[in-house]
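What follows is the residue order along each chain.
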Amino acid sequence: MILSPIEQSIKQKIEAVGTPLRDWDIRINRGILTGYNEAFIIDKKKRDELIKKDAKSAEIIRPILRGRDIRKYGYDFADLYLIYIPWHFPLHNDTSVQGASLEAEKLFEQDYPAIYSHLLKFKEKLSSRNKSETGIRYEWYALQRWGAKYWDDFSKPKIIYPNMTKYLPFYLDRENFVANQKCFIMTGEKLEFLVSFFNSNVFKVCFKDYFPELQGGTRELSKIFFENIPIPKFVKDIAVTEEEIYKIYDFNESEINWISSSLNE
């Protein structure tokens, strides 16, 4: 792509003060893959029913956001919940457990009878998910991918954003949502600053080409592309305005006008 002189100037300023996200103290991970949403993702009515049958059910039912639910600085909650069951649950913290465990299943049935009964209705479908893994590496009632190396990140403040999007929305979650596989989550340093930066016009205009364009103007926000983006390391972890971002880069009036005129392109 041949850049105009003003685009070249903006690009040079961005790269001069930016540090690639891979060099920040952050982690980017994908959301949960159930392998069979009909069993694990439930509405509020089913959630309330399971908790009424057994109050302990509430321990492993979490509100979930999907990629389509994410908005700029917020979300549209669809009243959906995830039954969050790691491999070998409830023995998932026992590193000696290898492969599908009958002992774990017996304990699960004993400790969470309402949820076990609910999932039992889907056992045939759940057992047919990934033939090389289900019932071999993990139990039929467990999630296909539960974030084994980062599951606790779902309980931390985190930025949630869609894996594919036209609008580049980012939400800073402090409500302990989990996210589905159509989202990425970002945990680590200066999230307040980062979410305001990601939602800015400067990011939308000047950084969108770091992400491959798909059909219909959608962008792919995969980790491999995101980590290459140079972001200025702002001193404080606070939200920043457009004007403050302009000052960080020392954009002149012509460059600011170009960014504003490019917003709807």
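Residues numbered from 1 in each chain as written. Predicted model: local features only at pLDDT ≥ 70, side-chain atom pairs only at ≥ 80, totals over all residues. Heavy atoms only, no water.

**Comments concerning the overall build of the protein chain**
In plain terms, the rule: Here a helix means four or more residues in a row that DSSP labels H or I, a strand means two or more in a row labelled E, and each is numbered from the N terminus. Residue contacts are defined here by distance: any two heavy atoms, one from each residue, within 4.5 Å place the two residues in contact. For accessible areas, the Shrake-Rupley method is used with a probe of radius 1.4 Å. Any residue's cover is judged against the shown protein chains and nothing else.
What the protein chain contains, in helices and strands, is 11 helices and 14 strands. In terms of overall dimensions, the protein chain has a C-alpha envelope of 65 × 35 × 35 Å along the principal axes. A sequence separation of at least 24 residues applies to 71% of the contacts in the protein chain between residues at least 6 apart. On the protein chain, roughly 13600 Å² of surface is accessible, and the fraction owed to carbon and sulfur atoms is 49%.

**Details of the layout of surface pockets**
Short version of the rule: Within this scheme a cavity is a closed region of a 1 Å grid, computed over the protein atoms alone, that accommodates a 1.4 Å probe without allowing it to escape, whereas a pocket is open but has protein on both sides within 12 Å along at least five of seven lines; lining residues each have an atom within 4 Å of a point. Grid points are joined across faces, edges and corners, and a volume is the space filled by probe spheres set on the points. Classification used: nonpolar for Ala, Val, Leu, Ile, Met, Phe, Trp, Tyr, Cys and Pro, charged for Asp, Glu, Lys and Arg, polar for all others including Gly.
Put simply, the second largest pocket is a space of about 320 Å³. What lines the second largest pocket is a set of 19 residues, and nearest its centre among them are Arg66, Gly67, Arg68, Pro162 and Met164. Only strand E5 (70-71) and strand E9 (164-165) provide two or more residues apiece to the lining of the second largest pocket. Looking at the lining of the second largest pocket residue by residue, the classes come out as 7 nonpolar, 7 polar and 5 charged.

**Considering the side chain of Thr218**
Examined against the element boundaries, Thr218 turns out to sit in the loop between helix H8 (201-206) and strand E13 (219-220). Contact partners of Thr218, with chain neighbours within four places excluded, come to Met164, Thr165, Lys166, Pro212 and Glu213.

**What about the sheet that holds strand E8 (residues 158-162)?**
Here is the rule: One bridge is not enough; two strands pair if DSSP finds at least two bridges between them. Every axis in this analysis is a line fitted to C-alpha atoms, fitted for helices over the stretch in contact. Angles between the N-to-C directions lie between 0 and 180 degrees.
The strand order across the open sheet built from 4 strands is E2-E12-E8-E10, with neighbouring strands paired in antiparallel fashion. Strands with a single pairing partner mark the edges of an open sheet, and in this sheet they are strand E2 (26-30) and strand E10 (171-173). In this sheet, adjacent strand axes meet at a mean angle of 30° when their direction is disregarded.

**Regarding the packing of helix H4 (residues 102-111) against helix H5 (residues 113-120)**
Between H4 and H5, the shortest axis-to-axis distance is 5 Å and the interhelical angle comes to 115°. On H5, the residues touching Glu105, Phe108, Glu109, Gln110 and Asp111 of H4 are Pro113, Ile115, Tyr116 and Leu119.

**Focus: the pairing of strand E4 (residues 61-65)**
Residues in a regular strand project their side chains so that they alternate between the two faces of the sheet. Under the convention used in this document: Per-residue accessibility, obtained with a 1.4 Å probe over protein chains only, is compared with the maximum for each type, and a residue is labelled buried under 20%, exposed over 50%, and partly exposed between these values.
Of all 5 residues in E4, 4 are buried, a share of seventy percent or more. Judged from the 2 bridges that link them, E4 and strand E11 (residues 178-179) form a sheet pairing that is parallel. Bridge pairing in E11 places Leu65 opposite Ala179.

**Considerations on the sheet that holds strand E3 (residues 41-43)**
Pairing is mixed across the open sheet formed by 4 strands, whose spatial order is E3-E7-E4-E11. Looking at strand neighbours, the two that pair on one side only are E3 and E11, the edges of this open sheet.

**Some points on the nonpolar core**
So the rule is basically this: Side-chain atoms within 4.5 Å link the members of a nonpolar core, which is a set of buried Ala, Val, Leu, Ile, Met, Phe, Trp, Tyr and Cys residues.
Among the nonpolar cores identified, the biggest contains 45 residues, and Phe40, Leu82, Ile85, Phe108, Ile115, Leu119 and Ile160 are the most heavily contacted of them. Listing elements by their share of this core, those giving two or more residues are helix H2 (37-40), E3, E4, strand E7 (80-83), H4, H5, E11 and strand E12 (183-188). Residues contacting Phe40, with those up to four places away along its chain left out, are Thr34, Tyr81, Leu82, Ile83, Ile85, Leu119, Leu126, Arg129, Tyr141, Ala142 and Leu143. Counting 35 residues, the second largest nonpolar core, distinct from the first, contains Ile14, Phe170, Phe211 and Tyr246.

**Describing the packing of aromatic side chains**
The following threshold applies: Note on aromatic contacts: the rings of Phe and Tyr and the six-membered ring of Trp form a pair at centre separations within 6.5 Å, being stacked when their planes are under 30 degrees apart, edge-to-face when over 60 apart, and tilted otherwise.
The final tally for this structure, using the stated rule, is 34 aromatic pairs. Considering the side-chain rings of Tyr75 and Phe177, the 4.9 Å spacing of their centres and the 65° angle between planes classify their relative orientation as edge-to-face. You can see Tyr75 sitting in strand E6 (residues 74-75) and its partner Phe177 sitting in the loop between E10 and E11, a full 102 residues away along the chain. Owing to a relative accessible area of 25%, Tyr75 belongs among the partly exposed residues under this scheme. In this structure Phe177 comes out as buried when scored by relative accessible area, which is 3%. Between Phe108 and Tyr112 the ring centres are 6.1 Å apart and the planes differ by 40°, which places this aromatic pair in the tilted class. On the basis of relative accessibility, which here comes to 0%, the residue Phe108 falls in the buried class.

**Some words on unusual backbone geometry**
Backbone torsion omega between Phe89 and Pro90 reads 5°, so that peptide bond is classified as cis. Structurally, Pro90 can be placed in the loop between E7 and H4. Backbone geometry at Asp79 places phi at a positive 55°, although glycine is not the residue there. On the secondary structure map, Asp79 appears in the loop between E6 and E7. Positive phi is not limited to glycine here, since His88 has a value of about 70°. The residue His88 is located in the loop between E7 and H4 in this model. What makes His88 buried here is its relative accessible area of 10%.

These values are about where atoms sit, not about what they do.
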